[in-house]
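# Coordinate analysis (summary)
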Amino acid sequence: MKQLWAPWRLEYIAGADDGDECVFCCAAEGPDETGLVVHRGESAFCLLNKYPYSSGHLIVAPYRHVGEFGELTGDEVLELHRLAASGMGALAETFGPQGYNVGWNLGRIAGAGVVDHVHLHVVPRWAGDTNFMPVLADVKVLPQHLDETRASLAATWPG
Ligand SMILES: [Zn+2]
């Protein structure tokens with residue numbers, strides 16, 4: 001199964017929940033630059049994945065620290081969806097990807113690195129990227145690159 005691809009396995013490898021504090025709550029509470037926040041909505045926000053699988057790998061999360069998918073409110077669900085769509089608009093403008101993987105990892109076994117604060121992944125895709133991405137996964141992402149990407153996406157955010 002050459003096509004089978006686990007786009008978010010890096011989240012687990014990176015041990016995003018090593019600390020006591022929730023990375024998404026910290027990002028929501030701190031400055032945009034520190035938390036790599038790209039855009040803030042009313043009940044949810046969009047940030048760059050600190051451990052990206054590809055350039056522009058976004059995460060959309062509610063501000064509320066909620067771990068149960070079914071406990072999201074109607075307003076949160078709608079805004080999460082809209083932020084993902086707008087994020088794709090900014091990505092199209094900035095990186096021009098050819099497609100996207102959009103998905104939820106619910107529970108450790110499903111690859112979630114942060115299990116008690118649900119979040120939606122938006123991963124830009126390019127033809128042939130499955131070949132080089134496993135290689136990239138071992139390369140340390142330069143913080144400077146993330147800062148530049150954050151600023152570009154924030155600047156090209158639709159609306
Ligand atoms: Zn949280």
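Every value quoted in this text rests on a predicted model; they were computed, and no experiment measured them.

### So, the sheet that holds strand β1 (residues 37–40)
Here we have 5 strands laid out as an open sheet, ordered β1-β2-β3-β5-β4, and antiparallel in their pairing. In the strand order of this sheet, the two ends are held by β1 and β4 (99–104), each with one partner. Between one strand axis and the next, the sheet turns through 20° on average, direction left out of account. Examined bridge by bridge, strand β3 (residues 58–62) and strand β5 (residues 120–125) share 3 bridges and lie antiparallel to one another. The residue of β5 that forms the bridge with Val 60 is Leu 120.

### Looking at the coordination of the zinc ion
Metal coordination angles in their ideal form are 109.5 degrees for the four-donor tetrahedron and 90 or 180 degrees for the six-donor octahedron. On the protein side, the zinc ion has Cys 22 (SG), Cys 25 (SG), His 65 (ND1) and His 117 (ND1) as donor atoms, found 2.0 to 2.3 Å from it. Coordination at the zinc ion is tetrahedral: its 4 donor atoms span angles of 99 to 117° at the metal. The sequence pattern formed by the donor residues of the zinc ion is C-x2-C-x39-H-x51-H. In this pair, Cys 22 is assigned in the loop between α1 (9–13) and α2 (23–29) and His 117 in the loop between β4 and β5, connecting sequence segments 95 residues apart. The pair formed by Cys 22 and His 117 is uniform in burial state, with each residue classed as buried.

### Looking at the environment of Leu 146
Looking at where Leu 146 falls in the secondary structure, it is placed in helix α6 (residues 143–155). Residue class for Leu 146 comes out buried when judged on its relative accessible area of 8%. Spatially, the C-alpha atom of Leu 146 lies 7.6 Å from that of Leu 48, the residues being 98 residues apart in sequence.

### Things to note about helix α4 (residues 74–94)
In this model α4 runs 30 Å from its N-terminal to its C-terminal C-alpha over 21 residues, within 8% of the 30 Å that 1.5 Å per residue would give. All buried positions along α4 are accounted for by Glu 76, Glu 79, Leu 80, Leu 83, Ala 84, Gly 87, Ala 90 and Leu 91. When α4 is viewed along its axis, its buried side chains cluster within an angular range of 145° and face the same direction. Exposed side chains of α4 directed beyond 90 degrees from the buried face belong to Gly 74, His 81, Arg 82 and Glu 93.

### Notes on the pairing of β3
Strand residues, when the strand is regular, have side chains that alternate between the two faces of the sheet. Of all 5 residues in β3, 5 are buried, a share of seventy percent or more. Neither face of β3 is left uncovered, since the one carrying Leu 58, Val 60 and Pro 62 and the one carrying Ile 59 and Ala 61 both have all their residues buried. Bridge count between strand β2 (residues 44–48) and β3: 5 bridges; the pairing is antiparallel. Counterpart to Phe 45 in the pairing with β3 is Ala 61.

Parameters at a glance
- Think of each chain on its own: its residues are numbered from 1, step by step along the sequence as written.
- Where totals are concerned, whole chains, interfaces and linings use all residues; where local detail is concerned, this predicted model gives features only for residues with pLDDT of at least 70, and gives and counts side-chain atom pairs only at 80 or more.
- To obtain the side-chain values, all non-hydrogen atoms of the structure were used and water was disregarded.
- Two strands qualify as a pair provided that DSSP identifies no fewer than 2 bridges between them.
- Helical segments are the DSSP runs of H or I of at least four residues, strand segments are the runs of E of at least two, and each set is numbered from the N terminus.
- Each axis is a line fitted through C-alpha atoms, and for a helix only the stretch in contact is used; angles between axes span 0 to 180 degrees, taken between their N-to-C directions.
- Listed donor atoms are N, O and S within 2.8 Å of the metal (Na, K and Ca: 3.2 Å). As water is not included, a site may look incomplete.
- Angle rules define the geometry names used: all angles between 85 and 135 degrees makes four donors tetrahedral, while opposite donors over 155 degrees apart and all other angles between 65 and 115 make four donors square planar and six octahedral, leaving every other case irregular.
- Note on exposure labels: buried denotes an accessible area under 20% of the residue type's maximum, exposed denotes more than 50%, and partly exposed covers the range between, all computed with a 1.4 Å probe on protein chains only.
- To estimate how far a helix should extend, the number of its residues minus one is multiplied by 1.5 Å.
- Note that the arc is computed from the directions linking the helix axis to the C-beta atoms.

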